[in-house]
Every structure is written in C-alpha cells, then in structure tokens.
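Coordinate inspection notes
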Amino acid sequence: MNKKIIVANWKMNPQTLTEAKTLLCSSQSGLAKSVQAKVIFCPPFVFLNSLRSLIAEGFYLGAQNLFYENRGAFTGEISPLMLKNLSCEYVIIGHSERKKYLTETDELINKKVIAGLKAGLKPILCIGEAQKQAEGMTDTLKKQLQINLVNIPERKLKNLIITYEPVWAISTTENSQPCQPDDALVAKLFIRKLLFNFFGRRRAERVPILYGGSVDSIIAADYINQAQFDGLLVGGASLKAGEFIKLVKSID
Ligand code: PGA
C-alpha cells in the first residue's frame, strides 16, 4: 500500500525563522520514529533555505507557489529551478487563497503545473468549488481540471498530486462549514473519474488525491478511512506541533 501523504501548508506563518525552526523540529521529533505517512512541510519561501538542512530523514520540503519561467525579468517571483536548487521536491500550485487574493486564473495555474513538472518538481494542484452546492461542485471541478491539466507532459503524470479543497470548508473562510467525509468522497470519486477520462485508467489511478479543509486530529482519519483519500493538506492544524503530531499519528 502506498504511504499516505500529509502536506503541512504553513501559509504566511510563522513570523520569524526561530519560530519556523522550532515548529519544524518539534513536529518532526514527535513523529520521527513512528511516522508511516509521507509528511511534506511547506513553509514560506523565505524559510526554505534555512530549513532544508533541518529536514529529517523521511520528511520532505515543499514550496507554496512558483512562477512559470526559470529565469528572467519577473520581479518578485520565484522560479521552479530556484526551488529545485533548494532541495524542494514539492510545490503547492493554485491554492484557493492565491485565486482569491491574487486572482490567479486556471490558465496561469496550468502554466505553473507544466513548469513545475518540467523542472522535476512534484506539483500539489489544488482544486475546489467556492460555494457549498452539490450541483456546482462537479461543474467547477471539471472546468478547473480541464484547464489546469491542458498539455501536461503525460510521462510526468506520476509526479502530480491533486488536492480537493472545498473553499467553503477552509478554516479561514468566513462562515466556513465542515465538508463531511461522505460529501468529500463524492468529489473524490468524481475527480478520479475525470482523470480516467483524461489520461486513461492505468496512468490516472496512480495520481494521489488529497483532501484539504479544516482537517484536525479528530476528523483526519475519517477522510482517509471513510472517504478513501490518499492524504491530507493541513493548514491551521499544522501550525501547532502537538496537534499536527496527533493528526499524523491518527491516520497511521
Ligand atoms: P485549513 O487550510 O486546514 O486551515 O482549513 C486548508 C487549506 O488551505 O486547504
């Protein structure tokens, strides 16, 4: 059985390198001996270089975004090659907060996925509907995936990870509501079917599908056991080492 994947998305936290080192080291030391899952830490860009030497065996480093060119006049951007050179293996692409605050489009996200794959990174592509309505879910997921995955090099599909992230269930969304594991399972099966249609069963069944949205140590195992996700993308609960350790252990 493949290892479950847990992505710790720290978002724009914490505020100092000292805190970032403490969070990373305490999370790892609480898990080191027992961890069965593949745990990927995604801190803000500015901490990547300092944290990479602290990543323990069996843990992985990821970024939260990238630009789609490797070099050039793109003020403020970070290239796939720079991430690769920092020992980053994974990169979150298309997170809903980037769509909301930075108006990232599906076309832009597609360029980023292609650039990430070409550079040898493993993109964690986020998709999900903004509002809670069952009919809207399938249309949104289909449209997002159709655009986000245009022209991706099929031989690199094995490096792609998809996260179903219903925006209305993210802890920091106003009036957020939990997405019940049964509802998440419906979305997961729909995503899997779309991938089969796009790439054929053999290639598509190897793409892990994760769940993200207000996951904590109490409910985490339900998304794995009941809703059959291949892993989780964890925001708020990854910022407290104790809670994160409990969460990861709960699915082991
Ligand atoms: P959350 O974030 O766990 O704080 O809800 C999840 C996400 O960003 O997808």
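Predicted model, so just to flag it, every value in this text is computed and none were measured.

In this section: the overall build of the protein chain. Each helix and strand in the protein chain was counted, giving ten helices and eight strands. Taken against the 2.2 N^0.38 rule, which gives 18 Å for 252 residues, the C-alpha radius of gyration of the protein chain at 17 Å falls within 12% of a compact globule. For the C-alpha atoms alone, the extent of the protein chain along its principal axes is close to 45 × 45 × 35 Å. Counting all 252 residues of the protein chain, 52% fall into the buried class. Long-range contacts, defined as pairs at least 24 residues apart, comprise 70% of the intrachain contacts of the protein chain with a sequence gap of at least 6. If you sum the accessible surface of the protein chain, you get close to 11,900 Å²; carbon and sulfur atoms cover 51% of it. For the protein chain, the separation between the mean place of its 32 positive charges and that of its 23 negative charges on side chains is 8 Å.

Right, let's talk about the pairing of strand β3 (residues 59-63) for a bit. With respect to burial, β3 is a largely interior element, four of its five residues being buried. Alignment of strand β2 (residues 38-42) against β3, held across three bridges, turns out to be parallel. Directly across from F41, in β3, lies its bridge partner L61. Read as a crossover between parallel neighbours, the route from β2 over helix α2 (residues 45-52) to β3 is right-handed.

Tallying each qualifying case throughout the model produces ten aromatic pairs. Note on Y60 and Y90: the rings are 6.1 Å apart at their centroids and 80° apart in plane angle, and the pair reads as edge-to-face. Of this pair, Y60 sits in strand β3 while Y90 sits in strand β4 (residues 90-93); the two residues are 30 residues apart in sequence, bridging distant segments of the chain. Overall, Y90 belongs to the buried group, its relative accessible area being 2%.

The full set of residues close to the ligand is K11, H95, E165, I170, S171, G213, S214, L233, V234, G235 and G236. Taking S171, its side chain carries an N or O atom lying 2.5 Å from an oxygen atom of the ligand. At 2.7 Å, a backbone N or O of S214 approaches an oxygen atom of the ligand. Across the complex, the protein chains shield 99% of the 280 Å² of accessible surface that the ligand would expose by itself.

Membership of the largest hydrophobic core comes to 73 residues, with the highest contact counts inside it found for L195, Y211 and L232. Broken down by element, the residue count for this core peaks at eight residues, all from helix α7 (residues 181-199). If we ignore the near neighbours within four places in the chain, the residues touching Y211 are T163, Y164, P166, A169, C179, A184, Y223, F229, G231, L232 and L233. Of all hydrophobic cores here, the second largest spans eleven residues; its members include V7, I40, I124 and L210.

This part covers the environment of I78. Structurally, I78 can be placed in the loop between β3 and α3 (80-85). Owing to a relative accessible area of 23%, I78 belongs among the partly exposed residues under this scheme. Sequence spacing of I78 and L66 is twelve residues, and the spatial spacing of their C-alpha atoms is 5.5 Å.

Counted according to the given criterion, the structure contains eight salt bridges. Its salt-bridge partner being E97, residue K11 comes within 2.8 Å of it at the nearest N-O pair. Of this pair, K11 sits in the loop between β1 (5-9) and α1 (17-31) while E97 sits in helix α4 (residues 96-102), placing them 86 residues apart in sequence. In this structure E97 comes out as partly exposed when scored by relative accessible area, which is 21%. Between E104 and K112 there is a salt bridge, with its nearest N and O atoms 2.7 Å apart. For the pair shown, E104 and K112 are each scored as buried. One continuous salt-bridge network, built from bridges that share partners, spans R98, E104 and K112.

Pairing between sheet strands relies on hydrogen bonds along the backbone, with the strands arranged either parallel or antiparallel. Strand order around the closed barrel formed by eight strands is β1-β2-β3-β4-β5-β6-β7-β8, with parallel pairing between neighbours. Neighbour-to-neighbour, the strand axes of this sheet turn through a mean angle of 25°, independent of strand direction.

Calculation notes
Residues numbered from 1 in each chain as written. Predicted model: local features only at pLDDT ≥ 70, side-chain atom pairs only at ≥ 80, totals over all residues. Heavy atoms only, no water. Helix = DSSP H or I, 4+ residues; strand = E, 2+ residues; numbered from the N terminus. Rg over C-alpha atoms; globule rule 2.2 N^0.38 Å. Buried < 20%, exposed > 50% of the residue type's maximum accessible area, 1.4 Å probe, protein only. Contact = heavy atoms within 4.5 Å. Areas by Shrake-Rupley, 256 points an atom, 1.4 Å probe, with all protein chains shown as cover. Lys, Arg positive; Asp, Glu negative; His and termini not counted. Charge placed at Lys NZ, Arg CZ, Asp CG, Glu CD. Pairing = 2+ DSSP bridges. Right-handed = clockwise from strand over helix to strand, strands pointing away. Phe/Tyr/Trp six-rings, centres within 6.5 Å; stacked < 30°, edge-to-face > 60°. Near = heavy atom within 4 Å. Polar contact = N/O pair within 3.5 Å; in protein donor to acceptor, adjacent residues only side chain to side chain. Core = buried A, V, L, I, M, F, W, Y, C linked by side-chain atoms within 4.5 Å. Salt bridge = Lys/Arg side-chain N within 4 Å of Asp/Glu carboxyl O. Axes fitted to C-alpha atoms, helices over the stretch in contact; angles between N-to-C directions.

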